[in-house]
Amino acid sequence: MLVLKFGGTSVGSKEALSALVSILKDKEHSGRVALVVVSALSGVTDSLIDTARRMSENAKKGSPEGGTGRDFAAETRRRHLDLAAAFLSGDEKKAADRNITETCGELERMLDGIGILGELSPRSLDGIMSFGERLSAPLVAAVLRAGGIGAEYLDSREFIVTDDNYGAAHVIQEETFRRIREKAGTGGEAGTVFVASGFVGAAKDRSTTTLGRGGSDLSAAVYGAALDAEKLEIWTDVDGIMTADPKLVKNAFRIDSISYEEAMELSHFGAKVLHPPTVKPVLEKSIPIVIRNTFNPACPGTVIQKAVETNPYPIRGISSLTNVTLVRVQGPGMVGVAGFSSRLFGALARRRINIILITQASSEHSICFAVDPSAGSDAVRVIREEFGQEILEGVIDDPVAEEELAIVAVVGENMKRVSGISGKVFHALGRNGVNVIAIAQGSSELNISLVIKNQDEAKALNAVHEAFFLAGVRSVNLFLLGTGLIGGTLLDQLREHREILADTYKIRITLAGAANSRGMLFDPAGLDPEAVKAKLGRNAQRADAVSRDSGGDRTKGPERFDLEGFISRMKSYNLPNTAFCDCTASEKVSAVYAEVLGASIPIVTPNKRANAGSCSYYKTLTEYSRERGIPYLYETTVCAGLPVISTLRDLFLSGDRVRRIEAILSGTLSFIFNNYDGKKPFSALLREAKEAGYTEPDPRDDLNAFDAARKALILARECGMPVEFDSVEIEPLLPPACFRAPDVEAFFRELEKCDDSFRERHMKAEAEGKALRYIAVIESGGSVRLSLRSEEKGSPFRTLKDSDNMVVITSDRYSKLPLVIKGPGAGGQVTAGGVLADIVRIARTLV
């Protein structure tokens, strides 16, 4: 014997009713279904409530707006008649049409009465709400008969007996079970299926009552328990209970089986597939509940039962309640006072204020509890009334209600056996900057409940879900600023290596936002790197032009770039494992790093401006990163992809002390002096280097050595030296006249005047067996200087080729034979590769 329940979406359309008939006729169910419980057509109950309340309010205000009972009843009648016409004919259709018309006539009269008197008591509202099921259940019975299935309608008001707590009536089980068994215990005629209205019942005075949220599920459970059903199947529009809400967590998946206790915990804290009271009647009789999808009947769904299979994951699922209010009571007058909690919760119970969550400090100094927002102000008022004298005397503080909060519940019986669950939860939340306001855990170790801000709900769910269910998959939601040489190459590398990272290394990088001076693009689900290059590339229209051409349709192109707007949008998405990548050379962008880190968003950047700016700003960023555990990675600010900064950091962490660093830090200057032999004029060599792309468009940006000086400054600061840029000694390579030249060509004419002096300096060094190299020297005492030096034949700097960089580190451990790091120190591929490596490091740290 099976009892089936079909929700509103499962009876709300022609397609749904066809699927319902097919399910009852399939091999699995044919001849085995004793009773079907149905909800109102989808949306009808909400419309009934809204209409009744609107008419009551309008009557009190004397306003005729909002329509009449006739208008609403006519629309409700039309919808049900349309469904009847799609399935019924002949006498069956006439009978259904007559019932629908008569029932809607009764609804019209009740609504008109409310519209005249303005009275809408809980009893009256229950009467109005019952019409949805009173219309749907006889219609479904008729549709089943038309489909060749014997069916009889049961008005649940004749069978489910309740108290008079209108709006959330409690079932009087003994009398209810007796009535149900008398009618359906031995079954109807051969092959007949009873179709009962869900959600409704009747008090002993025969007044109509409703069973509250999830009432149709409870109706089905009551019928199933009364009939000792083999199992109860709840048919809805999802495949079962999911590991999390799929609307908020796109990677959520179906749970095969779950215990009653786990299901109740998940449902209590927001899982909408099942309402907690539903479980109680069948739990007492160990009747399994199966959650199934009307529109995907091949899916086995989720089985809820006492004995479940071993869970391969540490937890069973995660659920959440949006928008709760946390009420806090505290004060010294609570400590050691017997009966305080009894007084507090007794007073709340007398006012029928439902408590969702309770937590108390071990010091007994404070208690906080969560309630529905509609009950927050009432709860505060009740506490003030109950403890008025204590508040007046100052031994208890005035109660405080904190609004716009959410509860996230992590549920699973494995918590009893697996250590480290709590640590993993808090690690995932902490890494994502989610502040936990309150914590509750039952002694059964079945559930850890956390109160957080509403705005962090989706981020928290995704972070915790990934930590427990994605089998080692690490993700990053990346926001990229700058799509020039480095950023553009990074986009290419993301496109080329994204699948390898995901499949081989379980690292998933989602490009959620990208921008340059031409515009900005966003998609939390993921942007295509190639499309981003096309839309933000040099040949693309600027965002303002796209906006004009498309009449403001932003889907046709990027939005106009605005730095503040980009950062604001990134923060507002509040995605888990967000990372910000700055591939610009902008000082304005580097100025927002503190704001980004303050939002608990890691940063990856090759931009030297922040770390080579004021020493105080450098310390602010690095210390905040270190203290809060928020990655701030800038390996590529010095020598592109070479592991210079990480090596210095490892030396420092392992107790070594750096005494001296000598380095060639400019790829341009390295290329020039590696290839300058005095035979070709210095100016001619520089012109060739410019044409080959080894210099900036204006070579003076390289020859002023400021870029190399910034890199040297960063290395000094990484060694713990509080050096400012102004104190860096830079030997000028060129006379002032070269830098004063109005344009590049004028600069080259001035440079030609220096060819002889460069040749003379080269010849002198060559005569001594030496060669010219432009080298930065950092001393442990804090001095930083850059100069053109003559290097001996055995110097490691003589081994460099083309634009290679080299860093030579002398430390306590590397004193006799310095540590040498050598390789390409510039170029789009190596720099972007270093940036990508840092992004991958962030993925690994956000586990």
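Thresholds, definitions, all that
- Residues take numbers from 1 onward in each chain, read along the sequence in its written order.
- It should be noted that, the model being predicted, local features are given only for residues of pLDDT at least 70 and side-chain atom pairs only at 80 or more, the latter also being counted only at that level, while totals for whole chains, interfaces and linings use all residues.
- Excluded from the side-chain calculation are hydrogens and water; included are all heavy atoms of the structure.
- Convention adopted: a line fitted to C-alpha atoms gives each axis, helices being fitted over their contacting stretch, and angles between N-to-C directions are expressed from 0 to 180 degrees.
- Helix and strand assignments follow DSSP, with helices taken as H or I runs no shorter than four residues and strands as E runs no shorter than two, numbered in order from the N terminus.
- Roughly parallel means an angle under 35 degrees; roughly antiparallel means over 145; roughly perpendicular covers 65 to 115; every other angle is labelled oblique.
- Should the near helix be turned anticlockwise from the far one by less than a right angle, the crossing is left-handed, and should it be turned clockwise, the crossing is right-handed.
- Contacts are residue-level and defined by heavy atoms, with any inter-residue pair within 4.5 Å sufficient.
- Following the grouping adopted for this structure description, the nonpolar residues are Ala, Val, Leu, Ile, Met, Phe, Trp, Tyr, Cys and Pro, the charged ones are Asp, Glu, Lys and Arg, and the polar ones are all others, Gly among them.
- Pairing between two strands is assigned when DSSP locates at least 2 bridges connecting them.
- The salt bridge criterion pairs a side-chain nitrogen of Lys or Arg with a carboxyl oxygen of Asp or Glu, the two atoms within 4 Å.
- Remark: exposure states derive from per-residue accessible area (1.4 Å probe, protein chains only) relative to the maximum for the residue type, with buried under 20%, exposed over 50%, and partly exposed in between.
- Whether two aromatic rings pair depends on their centres lying within 6.5 Å, for rings of Phe, Tyr and Trp, where Trp uses its six-membered ring; planes under 30 degrees apart make the pair stacked, over 60 edge-to-face, and the rest tilted.
- Only when the NZ atom of a Lys or the CZ atom of an Arg is both within 6 Å of the ring centre and within 35 degrees of the ring normal do we say a charge sits over the ring.
- What we call a nonpolar core is a set of buried Ala, Val, Leu, Ile, Met, Phe, Trp, Tyr and Cys residues that are connected through their side-chain atoms within 4.5 Å.

Enquirer: Would you take a moment to explain the packing of helix α7 (residues 173-184) against helix α8 (residues 215-226) for this structure?
Expert: In contact at an axis separation of 9 Å, α7 and α8 are set at 70° when each is read in the N-to-C sense. Taken together, the axes of α7 and α8 are roughly perpendicular relative to one another. Handedness of the α7/α8 crossing: right-handed. Residue-level contacts link Thr176, Phe177, Ile180 and Arg181 of α7 to Val222, Tyr223, Ala225 and Ala226 of α8. Its residues placed into classes, the contact of α7 with α8 shows six nonpolar, one polar and one charged.

Enquirer: What should I look at first to understand the sheet that holds strand β25 (residues 729-730) in this one?
Expert: Remark on secondary structure: sheet strands pair via backbone hydrogen bonds, oriented parallel or antiparallel. The six strands lie next to each other as β25-β27-β26-β24-β28-β29, forming an open sheet whose pairing is mixed. The open sheet has two edge strands with one neighbour each: β25 and β29 (819-824). When strand β26 (residues 771-779) meets strand β27 (residues 784-791), the two strands line up antiparallel, connected through eight bridges. From the neighbouring strand, Ile775 faces β27, where its bridge partner is Ser787. Its contacts with the sheet put helix α27 (residues 706-718) on β24 (658-664), β25, β26 and β27, and the angle it makes with β27 is roughly 115°.

Enquirer: Sorry, what's going on with the pattern of salt bridges here?
Expert: Counted by the stated rule, this structure contains 52 salt bridges. In this structure, Arg717 and Glu724 form a salt bridge, with 3.4 Å as the shortest nitrogen-oxygen distance. Overall, the relative accessible area of 36% leaves Glu724 in the partly exposed class.

Enquirer: I tried to follow the packing of aromatic side chains on my own but got confused; where do I start?
Expert: The relative placement of two aromatic rings is captured by the distance of their centres and the angle of their planes. With the rule as written, the count across this model stands at 20 aromatic pairs. Between the aromatic rings of Phe253 and Tyr313, the centroid separation amounts to 5.7 Å while the plane-to-plane angle is 50°, which identifies the pairing as tilted. Here Tyr313 lies in the loop between β11 (302-305) and β12 (317-330) and Phe253 lies in the loop between β8 (231-236) and β9 (257-259), a separation of 60 residues in the sequence. With a centroid separation of 6.0 Å and 65° between ring planes, the pair formed by Tyr593 and Tyr632 is classed as edge-to-face. Of this pair, Tyr593 sits in helix α21 (residues 593-598) while Tyr632 is found in strand β23 (residues 632-633), placing the two residues 39 residues apart along the sequence. Considered together, Tyr593 and Tyr632 belong to a single accessibility category, that of buried residues. Three or more aromatic residues joined by ring pairs make a cluster, and in this case those are Phe479, Phe522, Phe566, Tyr573, Phe580, Tyr593, Tyr632 and Tyr634. The ring of Phe131 has Arg134 sitting right over it, with the charged end atom 4.2 Å from the ring centre.

Enquirer: In this structure, what is going on with the nonpolar core? I would like to understand it.
Expert: Within soluble globular proteins, side chains that are nonpolar tend to cluster in buried spots. Counting residues in each nonpolar core, the largest one holds 79 residues, and the members touching the most others are Phe580 and Leu665. Among the elements that make up this core, the one with the highest residue count is α27 (seven residues). With residues up to four places along the chain from it excluded, the contact list for Phe580 reads Phe479, Leu481, Phe566, Ile567, Met570, Val589, Tyr593, Val596, Ile601, Pro602, Ile603 and Val604. Counting residues in hydrophobic clusters, the runner-up holds 52 residues, among them Ala220, Leu357, Ala440 and Val451.

Enquirer: What's the story with unusual backbone geometry in this structure? I'm lost.
Expert: In terms of backbone geometry, most residues other than glycine have negative phi values and most peptide bonds are trans. Here Ala640, not a glycine, exhibits a phi torsion of approximately 50°, which is positive. On the secondary structure map, Ala640 appears in the loop between β23 and α23 (644-653). On the basis of relative accessibility, which here comes to 4%, the residue Ala640 falls in the buried class. With a phi close to 65°, Ala705 is a non-glycine residue in the positive phi region. Structurally, Ala705 can be placed in the loop between α26 (700-703) and α27. When its relative accessible area of 2% is taken as the criterion, Ala705 is described as buried.

That is the geometry; function is a separate question.
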